[in-house]
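# Notes for the structure review
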Amino acid sequence: MQTLISEIKITVKNLLARKGRSFLTILGIIIGVAGVIIIISLGAGAQSLVLGQITKIGSNLVSVSPGKRNEKGPPASVFGVQIKTLSMRDVNALRDKNNVPNGVAVAPVVNGSGIVVFGKENMDVKFVATEASYAQIQNIEMLKGSFFSEEQGRSGDNVIVLGYNVATELFPEGGEIGRVVKIKVPTKKTSSGKDQDSSSIPVRVIGVQKKMGTVGFVDQDDRVFVPFVLGQKQLLGIDYVQFIGLKVDDSINVKSTMEDVSRTIRQQHRIKDPVDDDFTVRDLADALKILTSITGTLRVFLGLMAGISLVVGGIGIMNIMLVTVSERTREIGLRKAIGATKKNIRNQFLLESIILTLTGGVVGILVGIFISYLIAIGARFAGYDWAFVISLFSVLLAVFVSVFTGIIFGLYPALKAAKLDPIEALRYE
């Protein structure tokens, strides 16, 4: 034990004598270890974000999108491809308790981008055209006023519900309820398929949504809600449904409800073989699997990049240790001449390598924790419900990798130093 302590003291003294070289040597290890910590922290933060968003809107939701299901990802409609296979006939069929007994709310949805104008103020927004049941499905809470009624949603009354940011931007002093604003989309399609300017449609503000923040990587406070017919016919000029949302009475009935929904829409579309489905039915578990798959792939890729940094750092340490052996050949010869064994010489240089990588690992852990903390703060500032998580596993993994790298890449230079002939070493210039 005393010998080991003595060797460690000598090793530390030698490393401190070359501070600049030692720091540059461990830089690659610092980057690699910090990368491991950050990647694992990002994965945990992303998981907390997804789970938090599911908690916000509930786990008993089913969605129907146009287009055939893609087992490896979302349907084409998610990427902006216009598929017109869903209609109000499908929505009304899903509302029938004989078809979907466990459904408690069904709402058609079409989305678009537009501009809301009030006086000299205007704001680019995403609008959601839907019916009153959408508020129940998405657990929308109102800060002021109310969501539009079933009658208003289906008749296409000229009313609008503002997101929190939209209301704050257009009405910084409040008093928005009852005011008339104008909404328009930049262009819309005519019956001949050509683009023409869309006229502004006056709508009366009847409610303001409570601040929600970011859900699904979209700021929910920058959107507005309009009745389904108003958005579908007047703003977008279409006759199909882009999305159907359905709320189930209990999460344990989600899978059976998905089967009911699929069977009902197949009957509506006269589809006999599920292989020919022109729609996609998903629940939040499916969405979670997709997100997990995407984030998992990203974590593996970034982990490989961090691993490359560790390998580069390890090679750098081996090169520096080989140079150190060459520079200290006479010292090695002198130590052997006064009684140092091959084991003593090997251990000295192996210790130098391990201490370098372990120091780099500790610094890398601290840097990784600090950067992960900054990322969490930035995400929260941007409105994401991002948790700052540093797992004990990631820290232990970083320490293990550091020591392992030191042993692997320091062993060859240490063995080379131990094998030097003392007489030849003393003659070395």
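Here is a short report on the structure shown in this document. Keep in mind that what you see is a predicted model, and the values were worked out from it rather than measured.

## Overview of the overall build of the protein chain
- Summing up its helical and strand segments, the protein chain has 13 helices and 14 strands in all.
- Within the span of the protein chain, comprising 429 residues, buried residues form 45% of the whole.
- By sequence separation, contacts in the protein chain at least 24 residues apart represent 76% of the contacts at least 6 residues apart.
- Approximately 22000 Å² of the protein chain is accessible, and the part contributed by carbon and sulfur atoms is 61%.

## A closer look at the packing of helix 3 (residues 88-95) against helix 8 (residues 254-269)
- Remark: helix 3 packs on helix 8, axes separated minimally by 10 Å, with the N-to-C direction vectors making an angle of 135°. Here helix 8 runs oblique to helix 3, going by the angle between their axes. Pair helix 3 / helix 8 crosses with right-handed handedness. In this structure, helix 3 contributes R89, D90, A93 and L94 to the contact, and helix 8 contributes V261, T264, I265, Q268 and H269.

## Some words on unusual backbone geometry
- The phi torsion at N139 lies on the positive side, around 55°, for a residue other than glycine.
- Structurally, the position occupied by N139 is in the loop between helix 4 (133-137) and strand 4 (142-145).
- Note on N139: relative accessible area 33%, which makes it partly exposed.
- One non-glycine residue, R270, adopts positive backbone phi at about 55°.
- Examined against the element boundaries, R270 turns out to sit in the loop between helix 8 and strand 14 (279-283).

## What about the packing of aromatic side chains?
- Scanning the entire structure with this criterion turns up 5 aromatic pairs.
- Measuring from centroid to centroid gives 4.4 Å for F147 and F148, while their planes differ by 35°, and the two rings are tilted.
- When the centroid spacing of 5.3 Å and the interplanar angle of 75° are considered together, the rings of Y373 and F388 count as edge-to-face. With Y373 in helix 11 (residues 342-381) and F388 in the loop between helix 11 and helix 12 (392-418), the pair connects residues that are 15 residues apart, well separated along the chain.

## Here we look at the pattern of salt bridges
- Taken as a whole, this structure holds 7 salt bridges when the rule is applied.
- Here D277 makes a salt bridge to R266, at a shortest N to O gap of 2.8 Å. Remark: R266 occurs in helix 8 and D277 occurs in the loop between helix 8 and strand 14; sequence separation between them is 11 residues.
- Its relative accessible area of 12% is what places D277 among the buried residues.

## Some details on the pairing of strand 13 (residues 243-248)
- Burial analysis of strand 13 places 5 of its 6 residues in the buried class, the great majority of the element.
- Where strand 2 (residues 103-118) lies against strand 13, 6 bridges are found, and the strand directions are antiparallel. Paired with A105 across the strands is K247, a residue of strand 13.

## Structural notes on helix 12
- Here helix 12 is 27 residues long and its end C-alpha atoms lie 37 Å apart, about the 39 Å a rise of 1.5 Å per residue gives.
- The sharpest bend along helix 12 reaches about 40° and sits at G410, with the proline P413 one to four residues further on.
- Of the residues making up helix 12, those classed as buried are S394, A398, S402, T405, G406, F409, G410, P413, A414, A417 and A418.

## Quick look at a nonpolar patch on the surface
- Residues V363, V367, F370, I371, Y373, L374, I375, I377 and F388 make up a contiguous nonpolar surface patch of roughly 720 Å² in combined accessible area.
- Looking at the element boundaries, I371 is found in helix 11.
- The partly exposed category is assigned to I371, whose relative accessible area is 32%.

## What about the side chain of D221?
- Within the fold, D221 resides in the loop between strand 11 (218-219) and strand 12 (223-227).
- With sequence-adjacent residues up to four places away left out, D221 is seen in contact with G163, Y164, N165, V166, K210, K211, M212 and G213.

## Let's talk about helix 3
- Three or more residues of helix 3 are buried, namely D90, V91, A93 and L94. Taken end-on, helix 3 shows its buried residues confined to a sector of 165°, consistent with a single buried face.
- Next to the buried residues of helix 3 lie strand 1 (61-66), strand 2, strand 13 and helix 8.

## Some details on the nonpolar core
- Counting 45 residues, the largest nonpolar core has V64, L94, I160, I183 and V224 as the members making the most contacts within it.
- Core analysis: the next-biggest nonpolar cluster, separate from the first, contains 19 residues, V33, L350, I365 and A418 among them.

## Concerning the packing of helix 11 against helix 12
- Closest axis-to-axis distance for the helix 11/helix 12 pair is 7 Å, and the angle between their directions is 150°. Between helix 11 and helix 12, the angle is such that the two are roughly antiparallel. Here helix 11 runs over helix 12; the crossing is right-handed.
- Looking at the contact of helix 11 with helix 12, its residues break down into 17 nonpolar, 7 polar and 2 charged.

So, how was this worked out
- Residues numbered from 1 in each chain as written.
- Predicted model: local features only at pLDDT ≥ 70, side-chain atom pairs only at ≥ 80, totals over all residues.
- Heavy atoms only, no water.
- Helix = DSSP H or I, 4+ residues; strand = E, 2+ residues; numbered from the N terminus.
- Buried < 20%, exposed > 50% of the residue type's maximum accessible area, 1.4 Å probe, protein only.
- Contact = heavy atoms within 4.5 Å.
- Areas by Shrake-Rupley, 256 points an atom, 1.4 Å probe, with all protein chains shown as cover.
- Axes fitted to C-alpha atoms, helices over the stretch in contact; angles between N-to-C directions.
- Parallel < 35°, antiparallel > 145°, perpendicular 65-115°, else oblique.
- Left-handed = near helix turned anticlockwise from the far one by under 90°.
- Phe/Tyr/Trp six-rings, centres within 6.5 Å; stacked < 30°, edge-to-face > 60°.
- Salt bridge = Lys/Arg side-chain N within 4 Å of Asp/Glu carboxyl O.
- Pairing = 2+ DSSP bridges.
- Expected span 1.5 Å × (residues − 1).
- Bend = angle between axes of the 7 residues up to and from the residue.
- Patch = residues over 30% accessible without salt bridge, like charges linked within 9 Å, V, L, I, M, F, W, Y side chains within 5 Å.
- Arc of directions from axis to C-beta.
- Core = buried A, V, L, I, M, F, W, Y, C linked by side-chain atoms within 4.5 Å.
- Nonpolar A, V, L, I, M, F, W, Y, C, P; charged D, E, K, R; others polar.

The analysis is restricted to geometry; functional conclusions fall outside its scope.
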